[in-house]
Number of protein chains: 2
Amino acid sequence: MPQRSCRILLFATLLVATAVASADPLASWADGAGKKAIVDFVAGVTREDSADYVPPRERIAVFDNDGTLWAEQPIYFQFAFAIDRVKTLASVHPEWRTTAPFKDLLAGDTKALAASGKQGLLQVMAAAHTGITTEDFSTIVGSWLATAKHPRFQRQYTELAYQPMLELLDYLRSQNFKTFIVSGGGVEFMRVFAEQVYGIPPEQVIGSSAVTKFVPVGTNGKPALIKEPQVEFIDDGPGKPSGINRFIGRRPLLAFGNSDGDLQMLQWTAGGAGPRFVALLHHTDADREYAYDRQSPVGKLDKALDEARRQQWLVVDMKRDWLRIFSAGK
Amino acid sequence: MPQRSCRILLFATLLVATAVASADPLASWADGAGKKAIVDFVAGVTREDSADYVPPRERIAVFDNDGTLWAEQPIYFQFAFAIDRVKTLASVHPEWRTTAPFKDLLAGDTKALAASGKQGLLQVMAAAHTGITTEDFSTIVGSWLATAKHPRFQRQYTELAYQPMLELLDYLRSQNFKTFIVSGGGVEFMRVFAEQVYGIPPEQVIGSSAVTKFVPVGTNGKPALIKEPQVEFIDDGPGKPSGINRFIGRRPLLAFGNSDGDLQMLQWTAGGAGPRFVALLHHTDADREYAYDRQSPVGKLDKALDEARRQQWLVVDMKRDWLRIFSAGK
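Residues numbered from 1 in each chain as written. Chains lettered and ligands numbered in written order. Predicted model: local features only at pLDDT ≥ 70, side-chain atom pairs only at ≥ 80, totals over all residues.

Student: Mind showing me how you'd approach the overall build of chain A here?
Tutor: Secondary structure summary: chain A contains 13 helices and seven strands in total. A globule of 330 residues ought to have a C-alpha radius of gyration of about 20 Å, and chain A, at 22 Å, matches this closely. Across its three principal directions, the C-alpha atoms of chain A cover 80 × 50 × 40 Å. Counting over 330 residues, chain A shows a buried share of 43%. (Helix = DSSP H or I, 4+ residues; strand = E, 2+ residues; numbered from the N terminus. Rg over C-alpha atoms; globule rule 2.2 N^0.38 Å. Buried ≥ 20, exposed ≤ 12 C-beta atoms within 10 Å, placed from the backbone.)

This is the structure in structure tokens:
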């Protein structure tokens, strides 16, 4: 290599390094205590000369999905999928026209549907999610995501991922964190979009699941896994630390949630030795998104908010702390 | 950078590159059809100009553990741990002196112990594995691995990892494969040594598990997960494709097993679209290790061997194909 090329290479490297250092990886976060707490924590655990240094293999970051990485109002997006799926399947299920909760769903009677309670919800979810192969299910979810629109924002659901959280995920990965989703949502539903939208590969998505049955020779002559109408695991509340233990096997260094269903995940994370970072997103922005907490039927945030204040966990105030909300649009 | 340093750097880089290229990453594998099949497959899916090219994120490789990555005779090593653990706990369980299967175990009556069947086995495993926190359990397993010796080889169990398989794991990772264990063994048992011995981090170990219970305030004042005497998931036989689906969410590109418990994992892998690599290790070396297959109570290989021959999966003959067996010693 002649000397001149060598110099140019060195100069170009320095130029790129400077550009990278000066761009704000958390550009959609308002300058303030929240953003500073995140950056200070990451600097503390990644600087090799820091007393709090943590080696890359232990840099596990876990995120709830609904209400933390994307919106969850007015109903969980996966439930919107289930409703649309039941409508699609209704033509081959004439009995649904006279059976609750399906007749209420098909009649658009959301009040009666809600009155069917947890049992009704599970019936709708089972009808929408089971009795098909895992591969067919992924295809169906993919088609739905490509066409369905959110009732208020009139955008695809995947466009309602939160831009500040996408930046946080990228920032953590640039600092050699491994990012995981730990959600009460269905694992096979989330995996369809998690890699493209969040940059989180399927093997780092933990969620609720149904039993699958292995069939050596499926309808196409090849082995298949059939989704059965039997709950296998509910990854919510105390299920979240159990799920983290089972799937990851390491205590997270950082955990981010937004509702009471995340409380135990945050406690489990905070209880580890050495530095840990625990945060809650508080939905405070009715104009740009939604404002809800203690009374909300979806994403209720009550006990976890009290605990966050007691323990001085970071509470991100969406209205104050986020300059931009969604990955698409405003 | 002066021109001379630049030249030296270039020269050093070329030197290292040459050395790496000429070292055989599978040095403990005998030259032959098996080794060639592995190398050809990996080249086919990793060369960007190949028709079979697979992007790195989809390069998932799954390995059974007992009898595939380390030995499993005369009894599964985890069962040896359970026996030692029951002996240690016997002083605080005087009732065990008069109750089967514990009294038989404590008396060293392996015949009576074996006669207690699956129920007896589960009782021993539950006594050894549950009623403690996940963290205490890891500590206990770590202490046992550091001191216990294999009855025939008089070596620590972790020294009975197979050197050719360690080379294969390293080789695959060097080609941007992500390596996973998918084993009937207990996930929390394997995680204690998998990272150090195999280079496989906890979050890439899939195994059988017991239910864990989250306790917000444990005995040390911090949250804990208690291992309960209730089976959560058996990652064996048809459980393996279900486990792969649940934990990884992608069809593996490569699968390696050694017994009938791996059959469905191999079928599931082979059934994927495009190139797939499926292999069985056949224990054929009574001198250096063990020779067993269709009649063995541990690691029975019967139906999967027939299927491998029908489907022309690779069957590695330990005696013929491996120049060296263990990571330590001969």
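Picking up after the structure, the text goes on.
Student: Is there a simple way to explain the sheet that holds strand β4 (residues 224-233) of chain B in this structure?
Tutor: In any sheet, the strands associate via hydrogen bonds between backbone groups, in a parallel or an antiparallel arrangement. All names here are of chain B. Spatial ordering of the open sheet is given by β4-β3-β2-β1-β5-β6-β7, a layout of seven strands whose pairing is mixed. For this open sheet the edge positions go to β4 and β7 (314-317), each flanked by a neighbour on one side alone. Averaged over all pairs of adjacent strands, the angle between their axes in this sheet comes to 35°, without regard to strand direction. The pairing of strand β1 (residues 60-63) with strand β2 (residues 178-186) spans four bridges and is parallel. In the strand pairing of β2, Phe63 is matched with Ile181. Lying over the sheet, helix α11 (residues 263-270) contacts β1, β2, β5 (254-257) and β6 (277-282), oriented at roughly 160° with respect to β5. (Pairing = 2+ DSSP bridges. Axes fitted to C-alpha atoms, helices over the stretch in contact; angles between N-to-C directions. Contact = placed C-beta atoms within 7 Å.)

Student: So what exactly am I meant to see when it comes to the domain arrangement of chain A here?
Tutor: Accessible area lost upon the coming together of the parts is a frequently used measure of interface size. Residues and elements named next belong to chain A. Structurally, chain A comprises domain 1 (24-74 + 159-321) and domain 2 (77-147). Each of domain 1 and domain 2 has a C-alpha centre, and these two points are 26 Å apart. Between domain 1 and domain 2, the contact holds 15 residues from the first and 14 residues from the second. Those elements that provide at least two residues to the side of domain 1 that touches domain 2 are β2 (178-186), α9 (187-198), β3 (205-215) and β4 (224-233). Here the side of domain 1 that touches domain 2 gets six residues from one element, more than from any other, and that element is β4. Class assignment for the residues of the side of domain 1 that touches domain 2 results in eight nonpolar, four polar and three charged. (Domains from an automatic or database assignment. Nonpolar A, V, L, I, M, F, W, Y, C, P; charged D, E, K, R; others polar.)

Student: What exactly am I supposed to notice about the sheet that holds strand β7 (residues 314-317) of chain A here?
Tutor: Residues and elements named next belong to chain A. Ordered by their spatial adjacency, seven strands build an open sheet running β4-β3-β2-β1-β5-β6-β7, and the pairing between neighbours is mixed. Edge positions in the sheet fall to β4 and β7, since each of these pairs with one other strand and no more. Averaged over all pairs of adjacent strands, the angle between strand axes in this sheet comes to 35°, irrespective of strand direction.

Student: Please explain the interface of chain A and chain B as it appears in this structure.
Tutor: Each side of the interface is counted separately: chain A has 32 residues, and chain B has 32 residues. Counting residues per element, the ones that place at least two in the side of chain A that touches chain B are α1 (3-22), α9, β3, α10 (239-247) and α11 (263-270) of chain A. A per-element tally of the side of chain A that touches chain B places α10(A) first, with five residues. Among the residues forming the side of chain A that touches chain B, the class breakdown is 16 nonpolar, ten polar and six charged.

Student: Would you mind going over the packing of helix α3 (residues 77-89) of chain A against helix α6 (residues 117-129) of chain A with me for this structure?
Tutor: The packing of two helices is summarised by the inter-axis angle and the distance between the axes. Residues and elements named next belong to chain A. It is at 9 Å that the axes of α3 and α6 come closest, and there the two elements cross at 65°. Relative to α6, α3 is oriented so that their crossing is left-handed. Judged by residue contacts, Phe81, Ala82, Arg85, Val86 and Leu89 of α3 engage Val124, Met125, Ala127 and Ala128 from α6. Looking at the contact of α3 with α6, its residues break down into eight nonpolar, no polar and one charged. (Left-handed = near helix turned anticlockwise from the far one by under 90°.)

Student: Teacher, can you tell me more about the relation of the copies chain A and chain B here?
Tutor: Both copies of the chain are related by one operation, a rotation about an axis with a shift along it. For the pair chain A and chain B, the best superposition has an RMSD of 0.0 Å and corresponds to a rotation of 180° with a translation of 0.0 Å parallel to the axis. In the structure described here, the two chain copies are related by an operation that fits a two-fold rotation axis. In this assembly, 100% of the residues forming the interface of chain A have copies in chain B that are likewise at the interface, indicating an isologous arrangement. (Least-squares fit on C-alpha atoms with pLDDT ≥ 70 in both.)

Student: Explanation requested: the pairing of strand β6 (residues 277-282) of chain A in the structure shown.
Tutor: Along a regular strand, successive side chains alternate from one face of the sheet to the other. All names here are of chain A. Most of β6 sits out of view: six of its six residues are buried. In β6, alternate side chains face the same way, and those of Phe277, Ala279 and Leu281 on one face and Val278, Leu280 and His282 on the other are all buried. In this structure, strand β5 (residues 254-257) lies alongside β6, joined through four bridges in parallel fashion. Within β6, the residue paired with Ala255 across the bridge is Val278. As paired strands, β6 and β7 are joined by four bridges and run parallel to one another. Of the residues in β7, the one forming a bridge with Leu280 is Val315. Regarding the hand of the β-α-β motif, the stretch spanning β6, helix α12 (residues 303-311) and β7 is right-handed. (Right-handed = clockwise from strand over helix to strand, strands pointing away.)

Student: Help me understand unusual backbone geometry, please; the structure alone is not making it clear to me.
Tutor: Leaving glycine aside, a negative phi is the common case for residues, and trans is the common case for peptide bonds. Residues and elements named next belong to chain A. Look at the link from Gln73 to Pro74: it is a cis peptide, with omega at 0°. Along the chain, Pro74 falls in the loop between β1 (60-63) and α3. For Gln312, which is not a glycine, the phi torsion comes out positive at approximately 60°. Overall, Gln312 belongs to the exposed group, with 8 C-beta atoms counted inside 10 Å.

Student: Looking at this structure, how should I read the nonpolar core?
Tutor: The nonpolar side chains of soluble globular proteins are, as a tendency, buried together. If you look at the biggest cluster of nonpolar residues, it comprises 146 residues, and the most contacted ones within it are Ala61(A), Val62(A), Ile181(A), Ala61(B), Val62(B) and Ile181(B). Excluding its chain neighbours within four sequence positions, the residues that come into contact with Ala61(B) are Leu172(B), Phe177(B), Thr179(B), Phe180(B), Pro252(B), Leu253(B) and Leu254(B). (Core = buried A, V, L, I, M, F, W, Y, C linked by C-beta atoms within 7 Å.)

Student: Any chance you could explain the pairing of β2(A) here in plain terms?
Tutor: Residues and elements named next belong to chain A. Counting buried residues along β2, nine of its nine residues qualify, which places the element largely inside the surrounding structure. In this structure, β2 lies alongside β3, joined through three bridges in parallel fashion. Counted as the bridge partner of Gly186 is Ser208 from β3.

Student: How do you make sense of the environment of Thr68(A) when you look at a structure like this?
Tutor: All names here are of chain A. The topology assignment puts Thr68 in the loop between β1 and α3. Here Thr68 falls in the buried class, since 24 other C-beta atoms lie within 10 Å of it. Spatially, the C-alpha atoms of Thr68 and Ile181 are 10.0 Å apart, while their sequence positions differ by 113 residues. For Thr68, the residues in contact, after removing those within four places along its chain, are Phe63, Met165, Phe256, Gly257, Asn258 and Leu281.

Student: Hey, could you run me through α10(A) in this one?
Tutor: Along an α-helix, residues three or four apart share an orientation, since each turn contains 3.6 residues. Residue and element names in this part refer to chain A. With respect to burial, α10 is a largely interior element, nine of its nine residues being buried. By the burial criterion, the buried members of α10 are Gly239, Lys240, Pro241, Ser242, Gly243, Ile244, Asn245, Arg246 and Phe247. Directly after α10, the chain includes Gly249, whose backbone phi takes a positive value near 75°.

Student: Looking at this structure, how should I read the confidence of the model for chain A?
Tutor: Caution applies to low-pLDDT regions: their predicted coordinates should not be interpreted in detail. When pLDDT is averaged along chain A, the result is 93, and 93% of the positions lie at 70 or above. The ipTM for the predicted assembly is 0.90, set against a pTM of 0.92. (pLDDT = per-residue confidence, 0-100.)

Student: What's the story with helix α8 (residues 163-174) of chain B in this structure? I'm lost.
Tutor: Residues and elements named next belong to chain B. Its twelve residues place the ends of α8 16 Å apart at the C-alpha level, agreeing with the 16 Å of an ideal helix rising 1.5 Å per residue. Taken as a whole, α8 has its buried residues at Pro164, Met165, Leu168, Leu169 and Leu172. Each buried residue of α8 sits inside an arc of 140° when the element is viewed along its axis, so together they form one side. Residues of α8 that are buried make contact with α2 (33-46), β1, β2 and α9 (187-198). Backbone geometry just after α8 places Asn176 at a positive phi near 65°. (Expected span 1.5 Å × (residues − 1). Arc of directions from axis to C-beta.)

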